[in-house]
Every structure is written in C-alpha cells, then in structure tokens.
Amino acid sequence: MDNVLTFSKSVFRGFGQIMLQANYWTGILFLIAICYDSIWMGVAALLSNIVGVLTAKILKFDKTNIEDGLYGFNATLVGVALVFYFQFNIWVALAIIIGSAMSTVLMEIALRKKFPAFTFPFILVTWVLLFILSIPHLALPTVSEHFVDITALEDFWIEGHAFGQVIFQGSVIAGLIFIIAVFINSPIGALYGFVASIISVAISHHFHEPVDQITAGIFSFNAVLCGIACSGLKPRDGIYVFIAVVLSTLIDIWMIDHGWTTLTFPFVLSMWIVLVIKKYTSNINLLPKDK
C-alpha cells in the first residue's frame, strides 16, 4: 500500500513539475484541468507520466528525483503534445510510450551532468516524433477543438489561456484551474506568471501579431513559465522575470513568424540566457535592499 501511495505521489508531482511545482495536490489539479478539456489528453498525460516514472524505476535512477516528479513532467508533455497534434492510432500510442521513456533518459543525463534542462527533453523528443509521425500513413494531423470559448479580448481570459497553453489546453476553465494549482504551492509564482502573461501580450500587440493567437495565449505560455521559474521575493527576481519574459516572447514571435513549432523552446532558451546573467550578477546589488 505504501509503495502504491509513493508511486502515485511521484506521478502527481510529475504533473506539478510541468510548471515547476513539486506538489502532488497541484499535480492532481493539473490532471483534472487536462481531463476537463480533453479526456484523451488526460489519458495520454497519465499514461506518459507513468511510463516516465516506471522507466526511471526500472533503470534505477535517483529515488529522490523520482519521488520529486522530475522524471514525469517531460514525459507528460510528450504524451499530451502527440495527442494534440495527431489523431490517435497505434503509431501515436507507440510514439507516446517510446517518447516518454526517451525523454526520461534524457532528463537523467541532464541531471547527472547538472545541466538545467527544464523541458528540453520534451522539446527534442517531440520535434523528432512530430517529424516521424508526419510521414504519410503513420498518423493524421488534427486541428485542436479546444479553443471554443475564445470570444472576447478581456485580459483575464487571455491570462487564463496563457496558463492553459503550457499543457496544450485552450479553455479558460482549464487555465484558471492551472493558476489555482500553482497558487496553492507558490503564490508568488502564480503572481509572477500572471504578470508575465500581461507583459507578453503587450509585446505581441506591439509587433502586430494576430489578435486571435494573442487571445489564445499562443505568445504567452512560455512567458508564464519564465515568470514562475524566475519568481522570488527579492527585488532582483522581478528584473530576471522581466528579462526572461521579454526574451521568451521575442523568441516566440520570431519562431512562429518563421513557421517553427515552438513548444516550450522559447522558455528554455530564455532561462539558459537568464541563468548566465544570474551567474555574473549574483554579487551585484541590482536594486536598493537587494541582497
């Protein structure tokens, strides 16, 4: 019984780690939000997360990392992404299992090298699988039907979509559940994520990006992740959030305008840049009382 409970907590923490929250209650709410938008995505998320955790256990990866959910979140994103982009069939199911395992192995390599991978294992594996599954007769691409409630430009709706799009969910309800889930574990993280989405929307409007895409949170979900990742109580944290959000939004705009499938790459690249900036500014007081 204890083993089942520990395994379940590892799986749900894996959901939470998608937005950098090692909290299984947060993870449970994330899964509920995904299922609200799409039962198939919920099934794919749960399957891929379990595959990730089982892969880590079979290969005897670090027990603490397993329990913290560090091997589940990249796998989960792989599963949800493939169901988002393709109609489900045997090839997609096989790709979910293989991709989840591969992303887990890549995450382990990054952890051993002490490299801040964030969601890069998910990005790399998904890019490859998107290419393979796009081969004729393997899987048919699908158009998401999860944006039905995008009918107005109220800013709060946009913020809800921004949080939801982190895990490929388009409804405001799912986005609001994500915000609440993050707030439960990290109120400051939820606040910075919310502010980050507002900044990204302003930048996107400045560059005259399509209003429907801005409203859908397409240019904001990477910014939300940056806001959460850089959040903290020190004044300098606000500066890091601003830099990361601006960078991720500009990268997002450039990639989309050039036809790239962005996934969470703008977030990862921006965080790598910010980590370098942090390294060389850690001993500098950027603002008064910033210690």
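Heads up: the structure comes first, above all this text.
What you are looking at is a predicted structure, and each value in this text was computed from that prediction instead of being measured.

As for the overall build of the protein
Along the backbone of the protein there are 14 helices and 0 strands. If you list the helices and strands of the protein from N to C, you get α-α-α-α-α-α-α-α-α-α-α-α-α-α. The buried share of the protein, taken over its 291 residues, is 52%. Nonlocal contacts in the protein, meaning residues at least 24 apart in sequence, comprise 73% of its contacts between residues at least 6 apart. As presented, the protein carries roughly 13,600 Å² of accessible surface, and 71% of it is formed by carbon and sulfur atoms.

Regarding unusual backbone geometry
Positive phi, close to 65°, is recorded for L20, a residue that is not glycine. In this structure, L20 sits in the loop between α1 (2-16) and α2 (24-37). Judged by relative accessible area, L20 falls into the partly exposed class, the value being 30%. The backbone of K60 sits at a positive phi, close to 55°, despite the residue not being glycine. K60 sits in the exposed class, given a relative accessible area of 70%.

What to know about the packing of aromatic side chains
Evaluation of the coordinates by the stated rule reveals 11 aromatic pairs. Pairing W40 with F88 gives two aromatic rings, centres 5.1 Å apart and planes at 25°, and the pair type is stacked. Placement of W40 in helix α3 (residues 39-58) and of F88 in the loop between α5 (73-85) and α6 (90-112) is noted, with a sequence separation of 48 residues between them. With a relative accessible area of 54%, W40 lands in the exposed category. Each residue in the set F115, F120 and W272 is aromatic and connected to the rest through ring pairs, giving one cluster.

Rules used throughout
- For every chain, the first residue of its written sequence is number 1, and the numbers climb from 1 along that sequence.
- Note on the predicted model: pLDDT of at least 70 is required for a residue's local features to be given, and 80 or more for side-chain atom pairs to be given and counted; whole-chain, interface and lining totals, by contrast, use all residues.
- Think of the side-chain values as coming from all heavy atoms in the structure, minus any hydrogens and water.
- Labels follow the DSSP assignment, with helices taken as runs of H or I lasting at least four residues and strands as runs of E lasting at least two, numbered in each case from the N terminus.
- Exposure categories follow from relative accessible area, calculated using a 1.4 Å probe and restricted to protein chains: below 20% of the type maximum is buried, above 50% is exposed, and the middle band is partly exposed.
- Every residue pair with non-hydrogen atoms within 4.5 Å of one another is taken to be in contact.
- Residue burial considers only the protein chains on display, and all accessible areas are found by Shrake-Rupley using a 1.4 Å probe.
- Put simply, two rings from Phe, Tyr or Trp (the six-membered ring, in Trp's case) pair if the centres are within 6.5 Å, and we call them stacked under 30 degrees between planes, edge-to-face over 60, tilted for the rest.

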